[in-house]
Amino acid sequence: MMMKRWLLGIAAMLAAASRAFANDWGMGDANSKIPPSSIFSPVSTPASDINTLAFFTLAITGTIFLIVGSLIVYSVVRFRARSDDDGREPPQVYGSNPIEFAWTTVPAIIVFVLILITARTIYTVQAAPRPPGAINVRVIGHQWWWEFQYPDLGIVTANELHVPQSDPANPTPTFIVLESADVAHSFWVPRLAGKTDAIPNHRNTMWIDPHEVGTFLGQCAEFCGTEHAMMLLRVIVEPRGDFQRWAEAEKQAPVQDASVARGRAVFESTACVNCHAIRGTAANGTFGPDLTHLMSRETLGAGVAINTPEHLKIWVHDPAEMKPGALMPAMNLEPKDLDGLVAYLATLR
Amino acid sequence: MAGSIEHRIALSAESDHASLPILGRAHEWVVTVDHKRLGLMYIGGGLVFFLIAGLQAATMRLQLAIPNAGIIAPQVFNRLLTVHGTAMVFLVGMPILTGFLNYLVPLMIGARDLAFPRLNAFGFWLWLFGSLLLYFSYIGGDGLYGAGSAPDVGWFAYAPLTERAFSRGNSTDYWILSILLTSVGSTATAINLLTSIFCMRCEGMTLRKMPVLVWLAAVVSFLMCVVLPPLSAAQAMLLLDRFLGAHFFDTQAGGSAILWQHFFWIFGHPEVYVLVLPAFAFANEIIPVFSRKVIFGYSVMVAASCALAFISLGVWAHHMFSVGMAPAGNAFFAASTMLVSIPTGIKIFNWIGTMWGGKIRFRIPMMFSVGFLAQFLIAGLTGIMLAVAPFDWQLTDTYFVVAHFHYVLIGAIVFMIFAAIYYWFPKATGKMLGERLGKWHFWLFLIGFHMTFDTLHFAGLRGMPRRIYTYQPGRGLDTINLIASIGVIFQAAGILMFLINVIRSLRSGKPAGDDPWDAWTLEWSTSSPPPEYNFAELPVVRSRRPLWDLKHPEDPDWKYE
Ligand code: HEM
Ligand SMILES: [Cu+2]
């Protein structure tokens, strides 16, 4: 009882502290609509294959745990010295060859079976079929955001990967080539597949064939520096038609809205263009994310904030406020220029 | 002649006079070449770093208690993470364990000291200096005035994050030098132990009559001699990259990031065995004594340990299942890793076999040892899961791994370190540690440990990567992390009980006598604490349990071995 009140007290204190310290730019609400990224609820073949193997492994290790654990508990309870002990030493047993032999060979057999099954899954997951409908994506890890290129479609986007749903009868898997622009990263969307590293000077491949429509969260899994924790990504799986429509929209040149000409001028005359690209403008930097269709993305800064004009304004004013350590510098714009710029960015659909 | 036997005996006699000024006594510790003092200095130094690195861990857990917390800045978190991990391995695990081996091996083989006492002292001071460098980086990392710039590259420091382009300032250089020095010190210790074990055993102690602990000390030393040089080589290469523009790991100039990973894990995986084999060694001494039975299957136990050491040299790439090896490579390393479970299983079964049919006395060292058995079982089983390469594609670099290796590092190794401290403290100080405080220590630490680390398995399965300074709300991770952080409070309370216990016992502990546990190996045949020269007269043994033979002349061991 005392204990419970104690724990509740600590929890309440921490909750209060959390409110005082937290700076959650709307992501909490957005994420809680998406189910947890449990590796046990796969929606894509590689993840399902792993899931099957995982259950098999858990069954074996679970059984061993129960047996050996009970042996430990039994021997500890059964053979403790009693209070009426006569003080004589128990019989000394130096060993037993048959017993030693048994508990060497039985584990060896289990291990052998596990090795065979493991090897089979390794080969099936790593050797992917490549049916004609496959989508190719190049994923490039950057310190602390993701670049997604569709070489066949001529699309470049960031942090949110759109892929078509793949139905077993008519599969459209997505083939992913992984590269890195700086340090090692790792691409991981637990419900779709295991992780694969993105390593500089090295090219890795993997594939997914999601058969469920929805948004799946992932994140960089290899420590890559200050904002490693905020190198998030989402994979948006759409019915094939929706995916096609999205792709068409991404291919369009951005709107030329006369009412935001001032903001566009600000963009093109500041350092923004050194790092970012907007198709149809002078901006063709590659250090930061492509902004051509910025507003088609749900999040900002690789998932630190919901993508709204208000958040954009905070971000452009000083990214460190949302993502301390981010490699984009504070732009130090006059308030009027900032307003105009954000108004312009808000039209990039 | 200074340093001669007579001179040192005379010195030690002098030191018994409490009238010596404190500086004089400190001076004695500084100039000592006695393996027992050096062992205690390793253990004491390691415990101090354990407290510091533990506080750093607690700070990380505070930040992670709630989602999106902004209690510490990301870079500060990454520094805590790096220094905590590095310190726990090189400044805590290695020195405490080798400290025990330093202390115990000469006593257990009936020798007067290690083979090279001065090399031993040299190793210690090298280690201490290297250790201080790691923490000095907090002051010196960005030049002497750039406070707060400890390394933030993680304890495995993957290239090219450690190259100049991504890690400016000098914090990474401090990290490199610190590890270089501590591992040169450890290599010296290993050579010393090997030589002593093979050349200095007392009369009658053939290889087959050595205590299992001594066998494991030999295996560990062999492993250290094999795996520390690759680590030192890699550190030297990284220094060359950073200062002389070599391009071993500098990917921007065409170097290889994966090369570093191979180098690091060729050291890093066997390092786990360097840490865990001494823990096994303690269990091999403690479990029999408190079960009142001879160790079950001595030869198989020794053979299994040798097998473990050899297999551990061929499994390093199981840390690299996600780097994109070919299927054959993944399958090979999965298979070799799973083989490890066979000798490991043998050891667990033999410990159970030792307890079976015994009369188990649940004194504190035995309680910690049983905790070790259960926790090591869990760590081993999660290890098998990680060896299943496709499963590992999901699990690696998540909190599941954090939970797994803390079950090894705390659940097995730290628990056995505490068991060993409670067991040999009376020998080293002549005083018993208190049972009541010991029980508080054990239970608080046990509960806290499982609260913190069992829960974290589930965080990993729910997609929480490791080495993140924060996570977002609404991902099903909030409760898990809160429980994990509260567990740290219990662990800290347990450690506090331990500290109180040690201080109280040093001041006014019950006198221990020479052989408080009714034990069987040679260290209990000399006084507590042992005289500087260990044995007035070098012992002669006829079996693995010389004191059993003395206590049971009607039924001595040598009749059966
Ligand atoms: C009070 C007990 C401890 C707590 C609460 C604790 C907590 C932590 C935490 C939160 C991390 C960061 C995990 C991550 O984000 O990847 C960590 C990492 C680590 N811990 Fe501990 N730890 C404790 C004791 C130990 C001990 C005793 C050892 C070893 C003897 C150890 C070795 C490590 C290592 C090697 C890392 C990895 C560092 C890295 O990834 O660079 N820890 N620990
Ligand atoms: Cu990354």
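Further up the page is the structure itself.
Analysis parameters
Residues numbered from 1 in each chain as written. Chains lettered and ligands numbered in written order. Predicted model: local features only at pLDDT ≥ 70, side-chain atom pairs only at ≥ 80, totals over all residues. Heavy atoms only, no water. Donors = N, O, S within 2.8 Å, 3.2 Å for Na, K, Ca; no water. Tetrahedral: all angles 85-135°; square planar, octahedral: opposite > 155°, others 65-115°. Buried < 20%, exposed > 50% of the residue type's maximum accessible area, 1.4 Å probe, protein only. Helix = DSSP H or I, 4+ residues; strand = E, 2+ residues; numbered from the N terminus. Axes fitted to C-alpha atoms, helices over the stretch in contact; angles between N-to-C directions. Parallel < 35°, antiparallel > 145°, perpendicular 65-115°, else oblique. Left-handed = near helix turned anticlockwise from the far one by under 90°. Contact = heavy atoms within 4.5 Å. Nonpolar A, V, L, I, M, F, W, Y, C, P; charged D, E, K, R; others polar. Lys, Arg positive; Asp, Glu negative; His and termini not counted. Salt bridge = Lys/Arg side-chain N within 4 Å of Asp/Glu carboxyl O. Polar contact = N/O pair within 3.5 Å; in protein donor to acceptor, adjacent residues only side chain to side chain. Near = heavy atom within 4 Å.

As for the coordination of the copper ion (ligand 2)
For a metal with four donors in a tetrahedral arrangement, the ideal angle between donors is 109.5 degrees, while six donors in an octahedron ideally sit at 90 or 180 degrees. All names here are of chain A. In the first shell of the copper ion (ligand 2), the protein supplies H185 (ND1), C220 (SG), C224 (SG) and M231 (SD), at 2.1 to 2.5 Å from the metal. Here the copper ion (ligand 2) binds four donor atoms, and the angle range of 94 to 126° at the metal identifies the geometry as tetrahedral. The class of C220 is buried, set by a relative accessible area of 0%. According to the relative accessible area criterion, M231 is buried, its value standing at 0%.

Here's the deal with unusual backbone geometry
The omega angle of the peptide bond from A:Q143 to A:W144 is 25°, so this bond is cis rather than trans. Cis geometry is found at the peptide bond from B:A159 to B:P160, where omega equals 0°. Not every positive phi belongs to a glycine, and A:N332 is a case in point at roughly 50°. One can find A:N332 in the loop between α9 (319-322) and α10 (335-345). Although it is not a glycine, B:N534 adopts a positive phi angle of roughly 65°. As for its placement among the helices and strands, B:N534 is situated in the loop between α16 (478-508) and α17 (546-551).

Topic: the packing of helix α3 (residues 35-64) of chain B against helix α5 (residues 117-140) of chain B
All names here are of chain B. Contact geometry of α3 with α5 gives a least axis separation of 10 Å together with a crossing angle of 15°. Viewed along their axes, α3 and α5 adopt a mutual orientation that is roughly parallel. Relative to α5, the crossing made by α3 is left-handed. Residue-level contacts link H35, L38, M41, Y42, G45, G46, F49, I52, A53 and Q56 of α3 to P117, N120, A121, G123, F124, W125, W127, S131, L132, Y135 and Y138 of α5. When grouped by side-chain class, the residues that make up the contact of α3 with α5 number 14 nonpolar, seven polar and no charged.

Here we look at the side chain of B:R61
All names here are of chain B. Looking at the secondary structure, you find R61 in helix α3. Here R61 sits buried without a salt bridge, and the closest side chain of opposite charge, D478, lies 10 Å off (N-O distance). A polar contact is formed between the side chain of R61 and the side chain of N481, at a distance of 2.8 Å. Here R61 is in contact with Y399, T452, L456, N481, A484, S485 and V488, once residues within four sequence places are set aside.

Points about the pattern of salt bridges
Taken as a whole, this structure holds 24 salt bridges over all chains when the rule is applied. A salt bridge links A:R240 to A:D167; the nearest nitrogen and oxygen atoms lie 3.4 Å apart. Separated by 73 residues along the polypeptide, A:R240 in helix α5 (residues 240-251) and A:D167 in the loop between β4 (160-164) and β5 (174-180) bring together distant segments of the chain. You can call A:R240 partly exposed: its relative accessible area is 26%. You can call A:D167 partly exposed: its relative accessible area is 32%. One network of salt bridges, in which partners are shared, links A:E89, B:R292, B:D515, B:D518 and B:K551.

Concerning the side chain of A:T347
Residue position: A:T347 is located in the segment after α10. When neighbours within four sequence positions are excluded, A:T347 is seen to be in contact with A:V255, A:D257 and A:V260.

Side note on the site of ligand 1
Residues and elements named next belong to chain B. Taken together, 22 residues form the shell around ligand 1, and within it H84, W155, Y399, H406 and R467 come nearest. One nitrogen or oxygen atom from the side chain of H406 is found 2.9 Å from a nitrogen atom belonging to ligand 1. Top element by residues in the shell around ligand 1 is helix α14 (residues 399-429). It accounts for seven residues. Partitioned by chemical class, the residues of the shell around ligand 1 number 15 nonpolar, five polar and two charged.

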